[in-house]
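If you want the building blocks of each chain, they are given just below.
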Amino acid sequence: NYNVYICNTTFDADLIGNASLLIVPDIETNFTLTEFGLINDYLDNGGDLLIMGNIQLDGYTYFPDWQLKAYNNITGRFGILWNMGEAKDDINNLGGKSWQINLTSDAFGTGPIATSILHGLNYTLYISGTYLNISGSVEVILHGNPNTTYAVDQNDNVINLSAENIILMAGLYNETNNMKIIAIGSSKIFYDGYPYPLDYENSILLRKTLQWFKYYPDTAPPTITITSPPDGEWLTIS
């Protein structure tokens, strides 16, 4: 239910003003000050943002300073900060690679945003991603697997964080202006090339995330009518 426009050039007020959802994956080239201002205005006016980070830019290098600052410039004032580090799991992973984390349902958040997006999922694959710090009204959607997921800094030193505090996906809904933000530490989480097929339930996560932007919050109760069996009828089967 979206018309997709891919912008590989500097965007202007008309372009972002007509967007119902702004998607920012793995910032490759820094935004200009004007573009940062347009993004801020868009969000302040109730815009929706899906923003995804990465621990890689070229090869296996971590966030360069400018890239980390760009992410925090966009989401920091809303209580979402990005780290120069990586989430890993030596136990629950794909192919024995600690940076390909198999997040089980024990890693799912329990708040209203997490419940609306993750209901019906059993697991998801988190690939080559950093972790977030959140505060205020920001809600945990995905965190690390309890007792197995850990975080490292850019020098591969283990960070003293419990798995529940290694935030991998977070969401924010502003009831005042209807702004919605989803922040995910990995851009590769929705990559559908080898060896990360989207049938690894990540396609369901993507679909439900996009549906969340369009329909959350659903506050209108449904009207229920029972048409069969008729009222008062006795059933003779178990």
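The present account deals with the structure reproduced in this document. This one's a predicted model, so the numbers in the text were calculated from it and none came from an experiment. (Residues numbered from 1 in each chain as written. Predicted model: local features only at pLDDT ≥ 70, side-chain atom pairs only at ≥ 80, totals over all residues. Heavy atoms only, no water.)

The geometry of helix 2 (residues 33–44) relative to helix 3 (residues 65–75) is characterised by a closest axis approach of 9 Å and an angle of 30 degrees between their N-to-C directions. As the angle between them shows, helix 2 and helix 3 are arranged roughly parallel. Here helix 2 contributes F36, I39, N40 and L43 to the contact with helix 3, which in turn contributes A70, N73 and I74. Split by residue class, the contact of helix 2 with helix 3 holds five nonpolar, two polar and no charged. (Axes fitted to C-alpha atoms, helices over the stretch in contact; angles between N-to-C directions. Helix = DSSP H or I, 4+ residues; strand = E, 2+ residues; numbered from the N terminus. Parallel < 35°, antiparallel > 145°, perpendicular 65-115°, else oblique. Contact = heavy atoms within 4.5 Å. Nonpolar A, V, L, I, M, F, W, Y, C, P; charged D, E, K, R; others polar.)

It is worth spelling out the sheet that holds strand 4 (residues 85–89) at this point. Within the open sheet, the three strands sit side by side as 4-10-11. Their pairing is antiparallel. The open sheet terminates on both sides in strands that have one partner only, identified here as strand 4 and strand 11 (158–159). Where strand 4 meets strand 10 (residues 149–153), five bridges bridge the pair, whose relative direction is antiparallel. Along strand 10, the bridge assignment pairs D89 with T149. (Pairing = 2+ DSSP bridges.)

Space inside the largest pocket adds up to approximately 1,400 Å³. Taken together, 36 residues line the largest pocket, and the ones lying closest to its centre are Y5, I6, C7, I23 and P25. The element that contributes the greatest number of residues to the lining of the largest pocket is strand 1 (residues 22–25), accounting for four residues. Across the lining of the largest pocket, the residue classes tally to 22 nonpolar, 10 polar and four charged. (1 Å grid on protein atoms, 1.4 Å probe; cavity = no way out; pocket = protein on both sides within 12 Å on 5 of 7 lines; lining within 4 Å. Points joined across faces, edges and corners; volume = space filled by probe spheres on them.)

A separate point is the pairing of strand 2 (residues 48–52). Summarising burial for strand 2: five of the five residues are buried, a large majority. Along strand 2, one buried face is formed by D48, L50 and M52 and the opposite face, lined by L49 and I51, is buried too. Judged from the four bridges that link them, strand 1 and strand 2 form a sheet pairing that is parallel. What sits directly across from L22, in strand 2, is L49. Note on the crossover from strand 1 through helix 2 to strand 2: the handedness is right-handed. Relative to strand 13 (residues 180–184), strand 2 is paired through five bridges, and the arrangement is parallel. Within the sheet, the bridge partner assigned to M52 lies in strand 13 and is I184. (Buried < 20%, exposed > 50% of the residue type's maximum accessible area, 1.4 Å probe, protein only. Right-handed = clockwise from strand over helix to strand, strands pointing away.)

Another aspect to go through is the pattern of salt bridges. Under the criterion given, the structure shown has two salt bridges. Residues R77 and D44 are paired through a salt bridge, measuring 3.0 Å at the closest nitrogen-oxygen approach. Note that R77 is positioned in the loop between helix 3 and strand 3 (80–82) and D44 in helix 2, a separation of 33 residues in sequence. The class for D44 is partly exposed, based on a relative accessible area of 38%. A salt bridge links K88 to D156, with the shortest nitrogen-to-oxygen separation between them at 3.0 Å. Taken together, the residues span a long stretch of sequence, with K88 in strand 4 and D156 in the loop between strand 10 and strand 11 at a distance of 68 residues. Judged by its relative accessible area of 45%, D156 falls in the partly exposed class. (Salt bridge = Lys/Arg side-chain N within 4 Å of Asp/Glu carboxyl O.)

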